[in-house]
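Report on the structure
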Amino acid sequence: MVNVLVCVKRVPDSSGEILLTADEQSVDARHVGYTVSPHEECAVELAVQIASATDGTATVLSVGSEDAIEQLRNALAVGCSDAVLVEAETDRFGPADVAAAIADVVTARASEGTVYDLVLLGNDAADTGDFQVGVRLAYALGRPVLTGISMVEVQGDRAIARGDGPEGTEIFELPLPAVVTVMEGGVAPRYPSIPGRMKAKKAPVENKSAGPPTVGPGRVRLKLPPSQPSSVEILGEGPDAAPAVVDLLTRLGVVGR
Amino acid sequence: MIVVLVETDREGATLVSREALTFAREVADRAGAGPLHAVLVGPVADDVDAALQGHLAEQGVAALHHAVDDRLTAYAAAAAAAAVVDVVKTASPRMLVAAGTPRGNEILAHVATRLQVAMAANVVMVDSDDPLVVTRQVVGGAAQEEMRLDDPVAVLSVAGHACDPRAAEAATTPERLEFTPTLTDADLVARVVRVEAEAVDDSAALTSARVVVGAGRGAGGPDGFKELLELTDLLDGALGVSRVVTSLGWRPHHEQVGQTGSRIAPDVYIPCGISGAIQHWAGCSSAKTILAINSDPDAPMVTKAHYAVIGDLHEIVPAINEELRRRMA
Ligand SMILES: Cc1cc2nc3c(=O)[nH]c(=O)nc-3n(C[C@H](O)[C@H](O)[C@H](O)COP(=O)(O)OP(=O)(O)OC[C@H]3O[C@@H](n4cnc5c(N)ncnc54)[C@H](O)[C@@H]3O)c2cc1C
Ligand SMILES: Nc1ncnc2c1ncn2[C@@H]1O[C@H](COP(=O)(O)O)[C@@H](O)[C@H]1O
């Protein structure tokens, strides 16, 4: 019976054009909608798989505005058992503050009798990309941590994890409880079913609120990188362009090396 | 003083580590922030070590702190961080820099947590020295953040390919300072127990290839890659794909280019049937020349590319292959 806690962040869906809010403190997502990082979708999938393989539980947590309930419901719809929404003004939170807020929940649940053997996060958030909440959380909880993991299984009281390293796939084994950050690629996140969506509506959600941030993000402002005007040269249309393409590749020195 | 954490591969310091050294040296020179030091964690082979010395000399590094301990043979982030913290405590640098690689970011996150300071990931520029403000990539490179770093030591990783490695005006003879780091058993709990070498060649080939052929949804299905792989072979390159391709299971994830895949910087990138979403662009924008093949002349990949051919990739790519074979014969 493994209890997994998986942390997701509600972020603007940035597939299209990006706009900033007038105060330059965040991405204006009113017209694009919200999502979570693909890394976190994989973390949710792993949490659900581990919970079902061990007859355990998968709790999904988000620190954010009350609207983050949307991302929590999506995770409930693909098999998480319950959710925690920690309300906070995340724009004023830095990674250390988010880690502290998550650690508070883990500690509070432990004192109520639920120990999270495994806490899963994404490797990096899709918006702020700080690459550190998981590590900071692990230190706050005094647990070992792995980052950039694509696959994790639980065998008894140990986690077996795999991830891409500079020399190939790296295998790790570590004792539980532990913290693991997940990178896309090891599992395919499932789609919610209709019964899943129905169940998600009734699943228990605990609402909490975080205290004020003690560290903050250090953000001065956001800005957009300078956009380059298009200077594309069209070599042609269809297969007739092949000679022009090969001429270009030859000039660039990449033919017949 | 600025200290740079270096990673090595078979050729000495990795390309991104040399970029980070150049980045740090230029900051140090401009701000008068004193000598440039490097820190290396764990054992390296003799030939790699010789090449590394050459790279450090060329980058103007005054001293190399080398953490040596049998327990550092298998990678453990916490142990590496303990070693780097030792260097920070003895050398008191103004700045600690690493390349924005998975390991660079991981070790810095541990170090920053241990030192109770902030960490800025994927920095592209230092805006001002007092107060220290850096610009870093956020939203996968679609936006940037100006971030203040007010701690006594600024901990930051440098985004891959934010600058080219350039040699210092005067080469140095780096002093070698070997030390035994203070490690605890807890630092070694989360460590690599085994490496399976199979996938290496592919992903390593992708990030170091001079030519990358890209394939997106336009490939049409799992069987739509034959001609693209042929082109890859003819150009002695590597295949890189979009996230649509990996999430549909047409190709393995280690071939993915982008925010949540590899970042590539080839001489030539040939994205075929890839729209050029910002998250894909984040991984390929450092290519020197981009030649897009796409049926839509308004696709972002086409408008951002240097060159483009408009039309069906399944007609264009075979014609290019044929022309290449004809000329190479
Ligand atoms: C947080 C986050 C992280 C992400 N990370 C990544 C990442 O790392 N890498 C990545 O790639 N994506 C990533 N994405 C997804 C990204 O937003 C896009 O959805 C994806 O890149 C689109 O893939 P595509 O270009 O293959 O498909 P599409 O956008 O569907 O484009 C297909 C293109 O092919 C062209 N085409 C179709 N048929 C043909 C034909 N026969 N011949 C020629 N051209 C044709 C079309 O004109 C179109 O331009 C991420 C998204 C999010 C939200
Ligand atoms: N506000 C948040 N709520 C829940 N989880 C978060 C939040 N911010 C970050 N995380 C988790 O921490 C991971 C790494 O974030 P970061 O260090 O900010 O790049 C993310 O992928 C999430 O899993």
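Residues numbered from 1 in each chain as written. Chains lettered and ligands numbered in written order. Predicted model: local features only at pLDDT ≥ 70, side-chain atom pairs only at ≥ 80, totals over all residues. Heavy atoms only, no water.

**Some remarks on the overall build of chain A**
Each helix and strand in chain A was counted, giving six helices and 14 strands. Judged by the C-alpha coordinates and their principal axes, chain A covers about 70 × 45 × 40 Å. Expressed as a percentage of the 257 residues in chain A, the buried residues total 51%. If you take every contact in chain A between residues at least 6 apart in sequence, the share linking residues at least 24 apart comes to 72%. Summed over all atoms, the accessible surface of chain A reaches about 11,500 Å², with 51% contributed by carbon and sulfur. (Helix = DSSP H or I, 4+ residues; strand = E, 2+ residues; numbered from the N terminus. Buried < 20%, exposed > 50% of the residue type's maximum accessible area, 1.4 Å probe, protein only. Contact = heavy atoms within 4.5 Å. Areas by Shrake-Rupley, 256 points an atom, 1.4 Å probe, with all protein chains shown as cover.)

**A few points about the overall build of chain B**
Along its length, chain B carries ten helices and 17 strands. By the compact-globule yardstick of 20 Å for 329 residues, chain B fits well, its C-alpha radius of gyration being 22 Å. When the backbone C-alpha atoms are referred to their principal axes, chain B occupies close to 65 × 40 × 40 Å. Burial analysis of chain B (329 residues in total) assigns 59% to the buried set. Nonlocal contacts in chain B, meaning residues at least 24 apart in sequence, comprise 67% of its contacts between residues at least 6 apart. Split by element, the accessible area of chain B, about 12,800 Å² in all, is 49% carbon and sulfur. Each charge class in chain B can be summarised by its mean position, and for the 26 positive and 44 negative side chains these summaries are 2 Å apart. (Rg over C-alpha atoms; globule rule 2.2 N^0.38 Å. Lys, Arg positive; Asp, Glu negative; His and termini not counted. Charge placed at Lys NZ, Arg CZ, Asp CG, Glu CD.)

**Here we look at the site of ligand 1**
Neighbouring residues of ligand 1: 28 residues in total, closest Arg217, Ser242, Val257, Ser275 and Asn294 of chain B. Neighbouring residues of ligand 1 are not confined to a single chain but are spread across chains A and B. Within the backbone of glycine 261 of chain B, an N or O atom sits 3.4 Å from an oxygen atom of ligand 1. Burial of ligand 1 by the protein amounts to 83% of the accessible area it has alone, namely 980 Å². Listing elements by their share of the shell around ligand 1, those giving two or more residues are α7 (243-247) and α8 (278-284) of chain B. When grouped by side-chain class, the residues that make up the shell around ligand 1 number eight nonpolar, 16 polar and four charged. (Near = heavy atom within 4 Å. Polar contact = N/O pair within 3.5 Å; in protein donor to acceptor, adjacent residues only side chain to side chain. Nonpolar A, V, L, I, M, F, W, Y, C, P; charged D, E, K, R; others polar.)

**Some remarks on the site of ligand 2**
Residue and element names in this part refer to chain A. Taken together, 18 residues form the shell around ligand 2, and within it Cys7, Glu40, Val63, Gly122 and Ala125 come nearest. Between a nitrogen atom of ligand 2 and a main-chain N or O atom of valine 63, the distance comes to 2.7 Å. A distance of 2.8 Å is found between an oxygen atom of ligand 2 and a backbone nitrogen or oxygen belonging to glycine 122. Within the complex, 99% of the 480 Å² of free accessible area of ligand 2 lies under protein. Across the shell around ligand 2, the residue classes tally to eight nonpolar, six polar and four charged.

**So, the environment of arginine 136 of chain B**
With respect to the element layout, arginine 136 of chain B can be found in strand β8 (residues 132-138). For the pair arginine 136 of chain B and glutamate 146 of chain B, spaced ten residues apart in the sequence, the C-alpha separation amounts to 6.6 Å. Not counting the four nearest positions on each side in its chain, arginine 136 of chain B is found in contact with Thr128, Gly129 and Asp130 of chain A together with Ala120, Ala121, Asn122, Val123, Val124, Ala143, Gln144, Glu145 and Met147 of chain B. Among the polar contacts made by the side chain of arginine 136 of chain B, one reaches the main-chain carbonyl oxygen of alanine 121 of chain B at a distance of 3.2 Å.

**Overview of the environment of alanine 100 of chain A**
Mapped onto the fold, alanine 100 of chain A is located in helix α3 (residues 95-111). For alanine 100 of chain A, a relative accessible area of 38% corresponds to the partly exposed category.

**Side note on the interface of chain A and chain B**
Contact with chain A, which involves 71 residues of that partner, is made by 76 residues of chain B. Interface area for chain A against chain B, summed over the two sides, is near 6,200 Å², with a carbon-plus-sulfur share of 57%. Among the residues chain A hides against chain B, the three largest losses belong to Tyr139, Lys223 and Arg257 of chain A. Together they make up 10% of the total. Where chain A meets chain B, there are nine salt bridges. The closest approach of N and O atoms between glutamate 184 of chain A and arginine 243 of chain B, which form a salt bridge, is 2.3 Å. At the junction of chain A and chain B, the tally comes to 33 residue pairs in polar contact (both at pLDDT 80 or more). (Buried area = accessible area lost by both parts, 1.4 Å probe. Salt bridge = Lys/Arg side-chain N within 4 Å of Asp/Glu carboxyl O.)

**Digging into the nonpolar core**
With 78 residues, the main nonpolar core has Val60, Cys80, Leu118, Leu120 and Val152 of chain A together with Leu96 of chain B as its most contacted residues. Among the elements that make up this core, the one with the highest residue count is helix α3 (residues 77-91) of chain B (eleven residues). The contacts of valine 60 of chain A, once residues within four sequence positions are left out, are Val6, Val8, Leu72, Ala75, Leu76, Cys80, Asp82, Ala83 and Val84 of chain A. (Core = buried A, V, L, I, M, F, W, Y, C linked by side-chain atoms within 4.5 Å.)

**A few points about the packing of helix α4 (residues 133-141) of chain A against helix α4 (residues 102-115) of chain B**
At a minimum axis distance of 9 Å, the contact between α4 of chain A and α4 of chain B shows a crossing angle of 45°. Classified by the angle their axes make, α4 of chain A and α4 of chain B are oblique. Here the hand of the crossing between α4 of chain A and α4 of chain B comes out right-handed. On α4 of chain B, the residues touching Val135, Arg136 and Tyr139 of chain A of α4 of chain A are Ala109, His110, Ala112, Thr113 and Arg114 of chain B. Along the lines of polarity and charge, the residues of the contact of α4 of chain A with α4 of chain B split into four nonpolar, two polar and two charged. (Axes fitted to C-alpha atoms, helices over the stretch in contact; angles between N-to-C directions. Parallel < 35°, antiparallel > 145°, perpendicular 65-115°, else oblique. Left-handed = near helix turned anticlockwise from the far one by under 90°.)

**Let's talk about helix α6 (residues 226-234) of chain B**
Residue and element names in this part refer to chain B. Looking only at α6, the buried set comprises Leu228, Leu231, Thr232 and Leu234. One side of α6 holds all its buried residues, which, seen down the axis, span an arc of 165°. Facing away from the buried side of α6 by more than 90 degrees, the exposed set consists of Lys226 and Asp233. Among the structural elements, β13 (211-215), β14 (238-241), β15 (268-272) and α10 (313-328) are those in contact with the buried residues of α6. Downstream of α6 by one or two residues, aspartate 236 has phi in the positive range, about 55°. (Arc of directions from axis to C-beta.)

**Examining the sheet that holds strand β16 (residues 289-294) of chain B**
Judged by pairing direction, the sheet is parallel, and its six strands sit side by side in the order β14(A)-β17(B)-β16(B)-β15(B)-β13(B)-β14(B) without closing on themselves. The open sheet terminates on both sides in strands that have one partner only, identified here as β14 (233-237) of chain A together with β14 of chain B. Neighbour-to-neighbour, the strand axes of the sheet open up by a mean angle of 20°, direction not taken into account. Across five bridges, β13 of chain B lies against β15 of chain B in parallel orientation. Across the sheet, valine 213 of chain B pairs through a bridge with isoleucine 270 of chain B, a residue of β15 of chain B. Relative to the sheet, α10 of chain B contacts β15, β16 and β17 (307-310) of chain B, its axis offset from that of β16 of chain B by approximately 130°. (Pairing = 2+ DSSP bridges.)

**Description of the confidence of the model for chain B**
Summary statistics for chain B give a mean pLDDT of 95 and a share of 98% for residues scoring 70 or more. Here the prediction assigns the complex a pTM of 0.92, and the interface score ipTM is 0.93. (pLDDT = per-residue confidence, 0-100.)

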